[in-house]
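Here is what each chain is made of, one letter per residue.
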Amino acid sequence: MKSLLITGGAGFIGSNFIFYMLAKHRDIRIVNLDALTYAGNLSTLSPISNDPRYSFVKGNICDRTLLDALFNKFQFDTVVNFAAESHVDRSIVEPDIFLSTNIIGTQALLHIAKRHWNIEPDNKYCRVYRSGVKFLQVSTDEVYGTLGSSGMFVEEMPLLPNSPYSASKASADLIVRAYHETYGLPINITRCSNNYGAFQFPEKLIPLMIHNCMLDKKLPVYGDGMQIRDWLYVEDHCSAIDTVICKGIDGHIYNIGGNNEKPNIEVVKTIISALGKDNSLIEHVKDRPGHDRRYAIDNTKITTQLGWTPEWTFESGMAKTIDWYQNNQAWTDKVTSGEYLDYYEKMYLQN
């Protein structure tokens, strides 16, 4: 039975990935380690709480004692690191938290993984690693910086992050790479475009616009709204990560994109139209400092080398996403209750 440690599994992408893996693979055991910060919602995973293949542990990836105990108990074959502070606006206001979790936390995971996966023979200068073991770092296209009106991000590009969030993720990527180059630790890094789908905390553009639109509230759009993103339906992201776990070449980086470049304002108007509302709800607000203008992912490497392709069009993915939020208003109300709702409305958080 394959044993996986999923960090940040109570968050948006992590929870979707756990559902995906348990549905696709029978001979699997998943341990979900999550600190349950504001964006982590354990009730999301209640449908699998009694699945014997799944276990939840509350904890922080910076806690090396806890990590050591978990590795001793479960003998993990694979680590998939979703755990991260992930919102650009919050990183501008509170960068310290991002540096701690995204950089120090990743290094703590690597340190413990190396200790447990490293089999020391008699010769102290020779290291041998278990075959099949893998550390997969889930990163973002934002580490590349911003693009002009043409071109796409490819894996060989230099990292030029423009926000504390993307800088912390770029730093984590480099640490993961260093553990491979220095110690031989088997790793992969995936860099995805903007995800959307069910269970996304409504600080991000799509769930925030759906939530506000259903309530006839203003839809805050940064600047002219012409910031372009490549949109990736979360289920496609999950299948891509599964593909990299199974087929990824040791030490390689893979870009994961949905081939769906859209300006933010077009995304907002799509939601308005789908919900039968009026464009008068749009409210253009002051642009975010250092707001990257355009992202575009070239996913040629993962499609040609590993045979993965996205299955969801933007139209089909958006239709399913809007339908989910319409039918799960109670979930949104729960996660946005109290101080968080006031904070995010005030800050116009929406990347």
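Above this note sits the structure.
A quick note: this is a predicted structure, and the numbers were derived from the prediction, not measured.

Student: Sorry if this is basic, but what is going on with unusual backbone geometry here?
Tutor: Residues apart from glycine generally show negative phi values, whereas peptide bonds are mostly found in trans. Positive phi, normally seen in glycine, also occurs at Leu36, with a value near 55°. As for its placement among the helices and strands, Leu36 is situated in the loop between β2 (28–34) and β3 (54–58). Judged by relative accessible area, Leu36 falls into the partly exposed class, the value being 28%. Positive phi, close to 70°, is recorded for Phe199, a residue that is not glycine. Structurally, the position occupied by Phe199 is in the loop between β9 (194–196) and α6 (205–214).

Student: I would appreciate a short explanation of the sheet that holds strand β12 (residues 253–256) in the present structure.
Tutor: The seven strands lie next to each other as β3-β2-β1-β4-β7-β8-β12, forming an open sheet whose pairing is parallel. On the outer flanks of this sheet lie β3 and β12, each paired with one strand and no other. Going across the sheet, the axis of each strand differs from the next one's by a mean of 20°, ignoring polarity. The pairing of β2 with β3 spans five bridges and is parallel. Paired with Val31 across the bridge in β3 is Ser55. The strands touched by helix α4 (residues 95–117) are β1 (2–7), β4 (78–81) and β7 (134–140); relative to β7, the strand with the most contacts, the crossing angle is about 165°.

Student: Sorry, what's going on with the sheet that holds strand β13 (residues 261–263) here?
Tutor: Whenever strands of a sheet pair, they do so through backbone hydrogen bonds, lying parallel or antiparallel. Taken in spatial order, the three strands line up as β9-β11-β13 in an open sheet, and their pairing is mixed. Strand pairing shows two members of the sheet lacking a second neighbour, β9 and β13, which therefore form its edges. Across the sheet, the mean angle separating the axes of adjacent strands is 50° when strand polarity is ignored. Alignment of β9 against strand β11 (residues 228–233), held across three bridges, turns out to be parallel. Its bridge partner lying in β11, Tyr196 is registered against Tyr233. Those strands touched by helix α8 (residues 264–274) are β11 and β13, and its axis lies near 85° from that of β13.

Reading the values: rules and limits
Residues numbered from 1 in each chain as written. Predicted model: local features only at pLDDT ≥ 70, side-chain atom pairs only at ≥ 80, totals over all residues. Heavy atoms only, no water. Helix = DSSP H or I, 4+ residues; strand = E, 2+ residues; numbered from the N terminus. Buried < 20%, exposed > 50% of the residue type's maximum accessible area, 1.4 Å probe, protein only. Pairing = 2+ DSSP bridges. Axes fitted to C-alpha atoms, helices over the stretch in contact; angles between N-to-C directions. Contact = heavy atoms within 4.5 Å.

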